[in-house]
Every structure is written in C-alpha cells, then in structure tokens.
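Here is how the chains run, residue by residue.
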Amino acid sequence: MVDSHPADGGAPLGGVPMHAICGHLLRRAQQVHTAIWTESFGTDLTSPQYAVLTALAAHPRIDQHRLGQLVSLDKSSVADVVARLTDRAWIVREGDPQDARRNVLTLAPGVGATLDRLTSIAQSVQDRLLEIVPMAQRPHLVSGLRQIASLDPRNWAAFVVSPISTLRSDAPGALLRRAQQMHTALWTETFGQTITGPQFAAVQTLAQHPGISQRNLGERAALDKSTAADIIARLARRGWVERENDPFDRRLRLLTLTTTGRETAESTFKPVMQIQERLLEPVPASERERFLEALAVLAYSRNT
C-alpha cells in the first residue's frame, strides 16, 4: 500500500539526505545481509551463532570473555549466544581444572562435521552479498568496511566493543556487523539515550517527506512495522510528531514533524555528521566517496 498523496520535496535535516549518511547505510546493508542469511539458514542458525561456532573450532577451551573478543560481541550478546548453543548441545561448558573460577567452552562432539556443511552455506551468503555490488566497486566496499571495523574503541566513554586485534575475516557480513557496532558505540557516546539512530532516521525521513504514512516511513527509513510504530509513539509523546487520519484513506495515519520536533532534530544534525567523520576517519579521503557509493548500492538493493 502506498500513500494516497505521498508528500515529497521537504528539506532533509542539514540538507543531507539519509542515503548519504554512513550509519544509516550500514544499518540497511546489515539488514540486507541478515535477510540473505535467513533465506539460506532459516531460523536454525544466526550469523553471530555461526561466528561463535567457528571461533570455538579454531580456539577450543577458551572462556566466554575471550570468545566475545574473538567474534566482536558484547558481554550480554555473547552470553545469550552461548546459552542458546549450549541448550542445543552444540557447545559444552566445563570448569577449567587450573582455575576453579573459570569455565571453558568447546564444541560438542560431532559439531565439527556439521560446521563444515554450515561453512559452505555461510560462504554462499557472502558470495550473494557481494554479487549485489558491481565488480569494480567490491574492493572499495570491503576495504572501507575493514578500515571502519579496525577502529579501536577502547578509549570511548560509553558502551565499548572489544578491539579488533583478533579479527582476520574479510567476509563482508562480519565486517558489516563490526562496522555497525562501531557506529552504535560512537552514537551512544555522543547521544546517550537522547535519540537513537533509528529515531533519527525516522525524523530525517519525516523532514524530507512530510505527510508520509507510518507504513511508508518504515519502508523509507528501513524500520520494520513494530519498530516504526514504537518510534512514532515515542516521538509523539515527546511532542516531536503529529499524527492525523488520511482524508483519502482512513486506514492510514499521516505524520509530520512539529516545530519543536524539527528544531530539536536540527540540533542533532551536527553531532550526527561528526559521528560520520569519526567513523570514516580510517578510510583515506580519496576513497570515501567510492566506499559510500558501493555501500549505498548494497544498502538499497532490496526492501529491508
């Protein structure tokens, strides 16, 4: 369903549309990767779960903290993945005989053979992901992602992810996840709980497309239905967004930014661009435009 009278032509915040903002492109591109992964694996195995299994295959009898560093997962995420894989009898957790306070992790017997088959499928996911991007742009995409993924967040004030010192994979899916983590960490350091990246995407989309429906907002801002509904409800409670019935279709609610919403959102734009500058800092200036072009091709390759 599309809007009865979609409104376009509004001015984006700061004059910069969403498709030119690196953090938004990373989130969309990661969604593309997740969609392809789910098409290949269904709900049997997530990408972080696969990363944990391959890390344990290469580094048996490590503890959960070290595992999180190897696969670039924060403490709660790696704990959740390990718990799920343990419940499925894919991972064995046992005490370290040399340190009673420490548990070590290994693959359960027989999982190694299964992992060989899973690796073949995982490689096909990476191949499909890269096939979206024209051949000439692929090196710029992978190089830029790896340079962003190599950012060292140890001195950042807010939520930190582990240094990348052990990450060697050039698999675009792994690099996308890591690069998005870098963006999230920088965003959290800058804004705290004031505004999230998806909330900014919604506000920026409303600035550029006033009078859009909630459904089309979700499509343009790469937000699923429930996330879009939650974000709009929160922004409405803050007095940032007004909702009204579409006179041509009562099933639709049309959204516009209030004056307060627009002014408040405008004040966030400068720090958003500063985040982008910090994120792109490791990418040579001469390569940034080509990297963003390749990332945009991937990010907008499908409705996410």
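Above this text you will find the structure in question.
It should be emphasised that the depicted structure is a prediction, and the values quoted were computed from it without experimental measurement.

Peer 1: For this particular structure, what's the right way to read the pairing of strand β5 (residues 249–257)?
Peer 2: Pairing of strand β3 (residues 212–213) with β5, which is carried by two bridges, proceeds in the antiparallel orientation. Following the sheet pairing, I212 is matched in β5 by L255. Judged from the six bridges that link them, strand β4 (residues 241–246) and β5 form a sheet pairing that is antiparallel. Counted as the bridge partner of N245 is R253 from β5. From the end of β4 to the start of β5, which pair antiparallel, there are two residues.

Peer 1: How do you make sense of the packing of aromatic side chains when you look at a structure like this?
Peer 2: Describing an aromatic ring pair means giving the distance of the ring centres and the angle of the ring planes. Counted by the stated rule, this structure contains four aromatic pairs. Ring plane angle 40 degrees and centroid distance 4.7 Å describe the contact between W187 and F191, whose orientation is recorded as tilted. Placement of both W187 and F191 in helix α7 (residues 172–191) is noted, with a separation of four residues, approximately one turn of the helix. Comparing W187 with F191, the two get one shared label, buried. The structure contains a cluster of three or more aromatic residues connected by ring pairs, namely W37, F41 and Y50. Sitting over the face of the ring of W90, R88 holds its NZ or CZ atom 4.7 Å from the ring centroid. Between the NZ or CZ atom of R238 and the centre of the ring of W240, over which it lies, the distance is 5.2 Å.

Peer 1: Just checking my understanding: could you explain the sheet that holds β4 for this structure?
Peer 2: Working definition: the strands of a sheet are paired by backbone hydrogen bonds and lie parallel or antiparallel to each other. Overall, antiparallel pairing links the three strands, which are arranged β3-β5-β4 in an open sheet. Where the open sheet ends on each side, the last strands, each with one partner, are β3 and β4. Those strands touched by helix α10 (residues 225–237) are β4 and β5, and its axis lies near 120 degrees from that of β4.

Reading the values: rules and limits
Residues numbered from 1 in each chain as written. Predicted model: local features only at pLDDT ≥ 70, side-chain atom pairs only at ≥ 80, totals over all residues. Heavy atoms only, no water. Pairing = 2+ DSSP bridges. Helix = DSSP H or I, 4+ residues; strand = E, 2+ residues; numbered from the N terminus. Phe/Tyr/Trp six-rings, centres within 6.5 Å; stacked < 30°, edge-to-face > 60°. Buried < 20%, exposed > 50% of the residue type's maximum accessible area, 1.4 Å probe, protein only. Lys NZ or Arg CZ within 6 Å of the ring centre and 35° of its normal. Contact = heavy atoms within 4.5 Å. Axes fitted to C-alpha atoms, helices over the stretch in contact; angles between N-to-C directions.

Just geometry here; none of it tells us what the structure is for.
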